[in-house]
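Fold and contact review
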Amino acid sequence: PGPTLLPTSVIGSHALPSWVWTAMEAIRAGTYGPTDVRETLDDAVNAAIRDQERAGIDVITDGEMRRWYFVQGFYDLFTGLEKLEPLRTQGVYGYDSPPRYRVIDHVTCPDGLGITGEWAYARHQADHPLKVTCPGPLTLTIHMQVRKGDAYDGDRVALAHEIADVVNRELHALVDAGVTCIQLDEPSYSIIPGEIGEWIGLYNRAVRGVRARGTRVGLHVCFGNLGSRPRGKRRYAWMVPALMEADCDELVLEFANREMIELEVLTEVAQAKDVGVGLVDVKSFWVEPAEEVADSVRAVLRHVSPEKVTVVPDCGFFQVPRWLAVQKLRRMVEGVRIVRRGTKGRIEIDFGSEHELIRIFDQLAGED
């Protein structure tokens, strides 16, 4: 994230401008030509980058503007799948509303996930450092149905291992292209039944060799965000022992929507990894005042040293209006700046010595 103390970042997706929703319907209906599609998505990326940079976010993304409903757009790139109708088409859109895909052969992705192309454009538009996001291998299988007798004999883990290899090839292509910060997103740890140890093994397969090449890698674990609603049991403590085995520099976790519970898990996580802390609730229209964000940052700093903390929203902004996302980002940045300046209250935290505490306050006072 760079030299700034308590850097701010985002999880991945930015809120879509209203005109993008209309354009995406036309694109998916096939009524836009290739030039129309390129111009539309380029403009959407430019808008996302500008919103983040104007809000003062330190490490930004391209807003995931070229994707559709987090993972659904990726299924167009896979072979070996048969598209099925959604389970439910009426009423409120929910986790049973997206299309599903039946595995009919070994699943391949011959042309890659397309994320390297996203980076190739965004890198020339941004003034701030960029990180690149990618769904994890387990989450990429979430809409795929495996059955006895198919290519994987009903074994989702076997399928996910093949998807992990697809992800790994994409990540190494990103490193080849110059990417220095990558984040994998895995809400499925709390959603798909199974053993968390198996899920971490999949993740480690997906990122193998990436950190060794000098690229910073993060793992974002949340509880789902479709329609601004969670899906999994919203607790991290049971996951932490396995998460500590993840081959990553940073674990990115959500706290704002959960009323800041389980901050104590940060103490253990920070022994070996940096932490991205979600302190803005993307599932709520409540715009957190800057002072509230600052108080949340101070609460985090009672458990972990500021050098190991990046402040982020809980999750991506895809499911909220653009005006709301922008306001929340601005308030988040303002709240972090309050703590950096050290202008309100004091951080009640024991870093082991008076000398260490003085050094940290001097560093905080030196930030803008």
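The structure under discussion appears in the preceding block.
Now for a look at the structure at hand.

**Side note on the overall build of the protein chain**
Summing up its helical and strand segments, the protein chain has eleven helices and nine strands in all. A compact globule built from 368 residues would reach a C-alpha radius of gyration of about 21 Å, and the protein chain, at 20 Å, matches this within 12%. A buried classification covers 57% of the 368 residues belonging to the protein chain. Residue pairs at least 24 apart in sequence account for 77% of intrachain contacts in the protein chain once pairs closer than 6 positions are excluded.

**Focus on the side chain of Asp 51**
Within the element layout of this structure, Asp 51 appears in helix α2 (residues 34–55). For Asp 51, a relative accessible area of 11% gives the class buried. A distance of 2.9 Å separates a polar atom in the side chain of Asp 51 from a polar atom in the side chain of His 14. A polar side-chain atom of Asp 51 sits 2.7 Å from a polar atom in the side chain of Arg 322. Residues in contact with Asp 51, not counting those within four places in the same chain, are His 14, Arg 322 and Val 326.

**Quick notes on empty space enclosed by the protein**
One simple way to see leftover space: roll a probe sized like a water molecule over the atoms. Going through the model one piece at a time under the given rule, you end up with three cavities of 30 Å³ or more. Lining the largest cavity are 30 residues, and of these Tyr 69, Phe 70, Pro 187, Asn 225 and Leu 226 lie nearest its centre. Residue composition of the lining of the largest cavity, grouped by class: 14 nonpolar, twelve polar and four charged.

**Some points on the sheet that holds strand β4 (residues 144–145)**
With mixed pairing, three strands are arranged side by side in an open sheet as β1-β2-β4. In this open sheet, the two edge strands, each paired with only one partner strand, are β1 (79–84) and β4. In this sheet, strand β2 (residues 100–108) lies alongside β1 in antiparallel orientation, the contact comprising five bridges. Paired with Lys 83 across the two strands is Tyr 101, which belongs to β2. The strands touched by helix α5 (residues 156–176) are β2 and β4; relative to β2, the strand with the most contacts, the crossing angle is about 60°.

**Some words on the packing of α5 against helix α6 (residues 196–207)**
Viewed as axis vectors pointing N to C, α5 and α6 meet at an angle of 30°, and their least axial separation amounts to 7 Å. Taken together, the axes of α5 and α6 are roughly parallel relative to one another. When the axes of α5 and α6 are compared, the crossing they make is right-handed. In this structure, α5 uses Val 157, Ala 160, His 161, Ala 164, Asp 165, Val 167, Asn 168 and Leu 171 to contact α6, whose residues at the interface are Glu 198, Trp 199, Leu 202, Arg 205, Ala 206 and Val 207. In terms of residue class, the contact of α5 with α6 is made up of nine nonpolar, two polar and three charged.

**Topic: the pairing of strand β7 (residues 250–254)**
Burial analysis of β7 places five of its five residues in the buried class, which makes it a mostly covered element. The alternating pattern of β7 places Glu 250, Val 252 and Glu 254 on one face and Leu 251 and Leu 253 on the opposite face, and all of these are buried. Here strand β6 (residues 216–221) runs beside β7; their pairing, made up of four bridges, is parallel. The partner of His 220 across the bridge, within β7, is Val 252. Where β7 and strand β8 (residues 274–278) come together, five bridges link them in parallel fashion. Bridge pairing in β8 places Leu 253 opposite Val 277.

**Let's talk about the nonpolar core**
Grouped together as the largest cluster of nonpolar side chains are 115 residues, with contacts concentrated most on Phe 78, Leu 113 and Tyr 189. Looking at this core, the element that brings in the most residues is α5, giving ten residues. Ignoring any residue separated from it by four or fewer positions in sequence, one finds Tyr 189 in contact with Leu 138, Ile 196, Trp 199, Ile 200, Tyr 203, Leu 219, Val 221, Trp 238, Met 239 and Leu 243.

Cut-offs applied
- Residues numbered from 1 in each chain as written.
- Predicted model: local features only at pLDDT ≥ 70, side-chain atom pairs only at ≥ 80, totals over all residues.
- Heavy atoms only, no water.
- Helix = DSSP H or I, 4+ residues; strand = E, 2+ residues; numbered from the N terminus.
- Rg over C-alpha atoms; globule rule 2.2 N^0.38 Å.
- Buried < 20%, exposed > 50% of the residue type's maximum accessible area, 1.4 Å probe, protein only.
- Contact = heavy atoms within 4.5 Å.
- Polar contact = N/O pair within 3.5 Å; in protein donor to acceptor, adjacent residues only side chain to side chain.
- 1 Å grid on protein atoms, 1.4 Å probe; cavity = no way out; pocket = protein on both sides within 12 Å on 5 of 7 lines; lining within 4 Å.
- Points joined across faces, edges and corners; volume = space filled by probe spheres on them.
- Nonpolar A, V, L, I, M, F, W, Y, C, P; charged D, E, K, R; others polar.
- Pairing = 2+ DSSP bridges.
- Axes fitted to C-alpha atoms, helices over the stretch in contact; angles between N-to-C directions.
- Parallel < 35°, antiparallel > 145°, perpendicular 65-115°, else oblique.
- Left-handed = near helix turned anticlockwise from the far one by under 90°.
- Core = buried A, V, L, I, M, F, W, Y, C linked by side-chain atoms within 4.5 Å.

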